[in-house]
Amino acid sequence: MHLIWENLIPNLLKLWTGKFKGLDVGTGCYELPKTVWEAIGEATARSGDTVPASFGPRLGNIAQDRSACTADAYSVWTLYLSPVLLRSQFLHQRYYNHFVTLIELLNLCLQFELSKADIQKIRDGFCVWVEQYEKYYYQYSPSRLSTCPVTVHALLHIADGIEATGPVWASWAFPMERFCGRLQPAIKSRLHPWSSIDRRILALIQITQVKLKYRLHDELNLRRIVSDDLVQRGEYQDPDCESYLHSHAPRRPLTPEKGFMDKIIGCLATRFDRRPPNIRPFLPSELTQWGKARILNGGDTFHAASLTQHHIGRRDRTYVRYEVYVDKNRHRRKQKEVFELQTFYGRLEYIIMLRFDSATALEALGLDRPTTVLLAAIKPCAITHSHPRLDIHYFTQHGALSLVDLACIQCVVGRVPSLENGGKGWGIVDRSGALARALAIDL
């Protein structure tokens, strides 16, 4: 994939900014105005605060300096940021559609598993994409032959490579790059760098053999081992959370307003199938709220906006994707209830913990044992429209605060500032949906 992240994408950026080997646009009109490209660079830098770290590295202003951009950084910009930032910025829509086709093919290549039908779709898709690339940028002119480097032709062989060696994650260069990165600090001599590297590799091999021979993997592991399914220091887990969710400090009391308390009571009335007057007496005047929570087994950590301190450099984790069952006939009271699972996005405002353990509360709510309830107060994003081809949704405002069970939260999502409509909206990117991809992580 490095032929794409470190060759194809940078070349496209040079073409769009008029800096590709001294070529002009020829008969095309794909070049972005300078003011537009500067706005894209500024929006890229701002998205570093609104896209969680789990998506990838933070990007700077790519319009000013791209020297620090790695293959991983280009992949984040291409797959998550560019569909929002480039939308409606080209003079003709065909250039944006052509680039979105590339993103769709890359998302398909980065799937963890691929079927024969997927491989054929990749092969046919890149054939069409390269033909359109030649039409838009090469323009069948010998003077523009430099727009067709070997890296463009190599796209036609990606499907063959997948058939020969498996999905791209099985043979990409990220592991080797990171291994080389670990060797670089070991170089202590400019005169004899290879001796330093040899000594480092020998030491790594020796400690690896000791681990294997004496089964000391954990004892000799130089990295801190963090298990996704164990309670870490400062975390809290309640048995009623079904062991898939961890909540951690800070915990602070919350004195809710009447409207907020009414929503909590309404949520509990639905949960316990009780009338609101039967629930109100068992709610304390001060509620316990949590600052953040973590989903087990490799899930995300999300923060409550009410207890999150916003400062420069902090990456926002308050926006989440959550799923709830909604009655399709909720506007028709005489119709029978028909529930369907729907996906929503919103900003997590509060994480509320309620504990019912008194005998009177258990009897009134129909419970047979003390129970803990974790609720999420979320301001949903009022989705105005969605991308026609990618799993990206746009919003400008939030809806009224709603209460759902904390288990409804699936993951954190990122926000990318949209340059449409005066730059007042946001695009929501979700790495767990159609934009999910295989990642190279250190173990």
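A brief look at the structure comes next. (Residues numbered from 1 in each chain as written. Predicted model: local features only at pLDDT ≥ 70, side-chain atom pairs only at ≥ 80, totals over all residues. Heavy atoms only, no water.)

### Observations regarding the overall build of the chain
- In terms of regular secondary structure, the chain is built from 12 helices and 12 strands.
- For the chain, the spread of C-alpha atoms along the three principal axes comes to 85 × 65 × 45 Å.
- Counting across all 443 residues of the chain, residues that qualify as buried make up 45%.
- A separation of at least 24 residues holds for 66% of the contacts in the chain among residues at least 6 apart in sequence.
- On the chain, the mean spot of the 55 positive side-chain charges and the mean spot of the 45 negative ones are 3 Å from each other. (Helix = DSSP H or I, 4+ residues; strand = E, 2+ residues; numbered from the N terminus. Buried < 20%, exposed > 50% of the residue type's maximum accessible area, 1.4 Å probe, protein only. Contact = heavy atoms within 4.5 Å. Lys, Arg positive; Asp, Glu negative; His and termini not counted. Charge placed at Lys NZ, Arg CZ, Asp CG, Glu CD.)

### Some thoughts on the nonpolar core
- With 67 residues, the main nonpolar core has Trp5, Leu12, Trp16 and Trp77 as its most contacted residues.
- For this core, the secondary-structure elements that each account for two or more residues are α1 (2-16), α2 (34-50), α3 (71-85), α4 (93-109), α5 (116-138), α7 (158-165) and β8 (392-398).
- Among all residues touching Leu12, those that are not within four sequence positions of it are Phe99, Leu102, Tyr133 and Tyr137.
- Membership of the second largest hydrophobic core comes to 23 residues, among which are Cys267, Leu354, Ala377 and Leu401. (Core = buried A, V, L, I, M, F, W, Y, C linked by side-chain atoms within 4.5 Å.)

### Topic: unusual backbone geometry
- A positive phi angle, near 65°, is found at Ser88, a position not held by glycine.
- Position of Ser88 relative to the elements: it lies in the loop between α3 and α4.
- On the basis of relative accessible area, Ser88 is assigned to the partly exposed category, the value being 47%.
- Backbone geometry places Gln139, a non-glycine residue, at a positive phi of 60°.

### Regarding α7
- Every buried residue of α7 is accounted for by Ile158, Ala159 and Ile162. Each buried residue of α7 sits inside an arc of 100° when the element is viewed along its axis, so together they form one side. Exposed and facing more than 90 degrees away from the buried side of α7 are Glu163 and Ala164.
- For α7, the elements touching its buried residues are α1, α4, α5 and α6 (150-154).
- Where α7 ends, the next residue or the one after it, Gly166, has phi of about 100°, a positive value. (Arc of directions from axis to C-beta.)

### Thoughts on α1
- Its 15 residues place the ends of α1 20 Å apart at the C-alpha level, agreeing with the 21 Å of an ideal helix rising 1.5 Å per residue.
- In terms of residue burial, α1 counts as a mostly covered element, since 11 of its 15 residues are buried.
- For α1, every residue scored as buried is listed here: His2, Ile4, Trp5, Leu8, Ile9, Pro10, Asn11, Leu12, Leu13, Leu15 and Trp16.
- Following α1 by one or two positions, Gly18 has its phi on the positive side, about 70°. (Expected span 1.5 Å × (residues − 1).)

### Some words on the pattern of salt bridges
- Considering all chains together, one arrives at 14 salt bridges under this definition.
- The salt bridge partner of Arg87 is Glu420, with a shortest N-O separation of 3.2 Å. Here Arg87 is found in the loop between α3 and α4, whereas its partner Glu420 is found in the loop between β11 (414-417) and β12 (426-429), with 333 residues between them in sequence. The burial state of Arg87 is the same as that of Glu420; both residues are buried. (Salt bridge = Lys/Arg side-chain N within 4 Å of Asp/Glu carboxyl O.)

### Remarks on the layout of surface pockets
- By volume, the second largest pocket amounts to about 540 Å³.
- Around the second largest pocket sit 17 residues that line it, and Thr270, Val324, Tyr325, Leu403 and Val404 are the ones nearest its centre.
- Breaking the lining of the second largest pocket down by element, the ones donating at least two residues are α10 (258-272), β5 (319-327), β6 (339-356) and β9 (402-405).
- Looking at the lining of the second largest pocket element by element, the count peaks at five residues for β5.
- Grouping the constituent residues of the lining of the second largest pocket by class yields 11 nonpolar, three polar and three charged. (1 Å grid on protein atoms, 1.4 Å probe; cavity = no way out; pocket = protein on both sides within 12 Å on 5 of 7 lines; lining within 4 Å. Points joined across faces, edges and corners; volume = space filled by probe spheres on them. Nonpolar A, V, L, I, M, F, W, Y, C, P; charged D, E, K, R; others polar.)

### Some points on empty space enclosed by the protein
- What the rule picks out here adds up to one cavity of 30 Å³ or more.
- Taken as a whole, the largest cavity holds about 40 Å³ of empty space.
- Along its surface, the largest cavity is lined by Thr44, Ser47, Gly48, Val51, Pro57, Arg58, Leu59, Val76, Leu81 and Arg315.
- Of all the secondary-structure elements, those providing two or more residues to the lining of the largest cavity are α2 and α3.
- Looking at which element gives the most residues to the lining of the largest cavity, the answer is α2, with three residues.
- By residue class, the composition of the lining of the largest cavity is five nonpolar, three polar and two charged.

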